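Analysis of the macromolecular model
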Amino acid sequence: MNETVLEREARSIIGSLRQGGRPDLAEELEGLLDQTRDPEAGAKALDAIIQRCHPKWLGDVYVEGTGWPGWWNRLGRLRAAAEKALRSGTS
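All of the points below concern the structure found in this document. Every value quoted in this text rests on a predicted model; they were computed, and no experiment measured them.

Using the criterion set out here, one finds 2 aromatic pairs in the structure. Three or more aromatic residues joined by ring pairs make a cluster, and in this case those are Tyr 62, Trp 68 and Trp 72.

Have a look at this one:
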């Protein structure tokens, strides 16, 4: 199966969180990504991913090797992919 934009963006951020010493946040985001595949829990999980892309949530987490503008841009891409999946009813 081909990886979706949502999966690609989320996995990139998950990897950065792990490398940046935040495995707790990486596991939380990975769990939400897994839930997006569930027809009943998917919309709620997508909404939770969108919420985590806020500057005061994951946007406030310093990730080594990524400047703030780059990190916020990556979160913006994840948010856009989650919003698109939520609107279309797919992840």
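Alright, that's what it looks like, and here's the rest.
Turning next to helix α2 (residues 23-35). With 13 residues, α2 extends 18 Å between its outermost C-alpha atoms, agreeing within 8% with the 18 Å of an ideal straight helix rising 1.5 Å per residue. Within α2, burial applies to Leu 25, Ala 26, Leu 29, Leu 32 and Leu 33. Taken down its axis, α2 places every buried residue within 130° of arc, on the same side. Against α1 (5-19), α3 (42-52) and α4 (68-88) lie the buried residues of α2.

Before going further, it helps to spend a moment on the nonpolar core. Formed by 25 residues in total, the largest nonpolar core has its most connected members in Leu 6, Ile 13, Leu 17, Leu 29, Leu 58 and Leu 78. Residue assignment for this core shows that the elements contributing at least two residues are α1, α2, α3 and α4. The leading source of residues in this core is α4, at 6 residues. For Leu 78, the contacting residues outside a window of four places in its chain are Leu 6, Glu 9, Ala 10, Ile 13, Leu 29, Ile 49 and Cys 53.

Moving on to the environment of Gln 35. Locating Gln 35 in the fold gives a position in helix α2. Along the backbone, Gln 35 and Leu 25 are 10 residues apart, and their C-alpha atoms lie at a distance of 15 Å. In contact with Gln 35, other than residues within four places in its own chain, are Ala 41, Gly 42 and Ala 45.

Attention shifts here to a nonpolar patch on the surface. On the surface, a nonpolar cluster with roughly 340 Å² of combined accessible area is contributed by Tyr 62, Trp 68 and Trp 72. Among the structural elements, Trp 68 can be located in helix α4.

Turning our eyes to something else, we now look at the side chain of Glu 7. Considering the arrangement of structural elements, one finds Glu 7 in helix α1. A polar contact of 2.9 Å, which involves the side chain of Glu 7, links it to the backbone nitrogen of Thr 4. In this view, Glu 7 contacts Asn 2, Leu 33 and Arg 37; residues no more than four positions away in its chain are not counted.

Closest axis-to-axis distance for the α2/α3 pair is 8 Å, and the angle between their directions is 145°. Pair α2 / α3 crosses with left-handed handedness. Residues Glu 28, Leu 29, Leu 32, Leu 33 and Gln 35 of α2 lie in contact with α3, whose contacting residues are Gly 42, Ala 45, Ala 48, Ile 49 and Arg 52. Class assignment for the residues of the contact of α2 with α3 results in 6 nonpolar, 2 polar and 2 charged.

About the cut-offs
- Residues numbered from 1 in each chain as written.
- Predicted model: local features only at pLDDT ≥ 70, side-chain atom pairs only at ≥ 80, totals over all residues.
- Heavy atoms only, no water.
- Phe/Tyr/Trp six-rings, centres within 6.5 Å; stacked < 30°, edge-to-face > 60°.
- Helix = DSSP H or I, 4+ residues; strand = E, 2+ residues; numbered from the N terminus.
- Expected span 1.5 Å × (residues − 1).
- Buried < 20%, exposed > 50% of the residue type's maximum accessible area, 1.4 Å probe, protein only.
- Arc of directions from axis to C-beta.
- Contact = heavy atoms within 4.5 Å.
- Core = buried A, V, L, I, M, F, W, Y, C linked by side-chain atoms within 4.5 Å.
- Patch = residues over 30% accessible without salt bridge, like charges linked within 9 Å, V, L, I, M, F, W, Y side chains within 5 Å.
- Areas by Shrake-Rupley, 256 points an atom, 1.4 Å probe, with all protein chains shown as cover.
- Salt bridge = Lys/Arg side-chain N within 4 Å of Asp/Glu carboxyl O.
- Polar contact = N/O pair within 3.5 Å; in protein donor to acceptor, adjacent residues only side chain to side chain.
- Axes fitted to C-alpha atoms, helices over the stretch in contact; angles between N-to-C directions.
- Left-handed = near helix turned anticlockwise from the far one by under 90°.
- Nonpolar A, V, L, I, M, F, W, Y, C, P; charged D, E, K, R; others polar.

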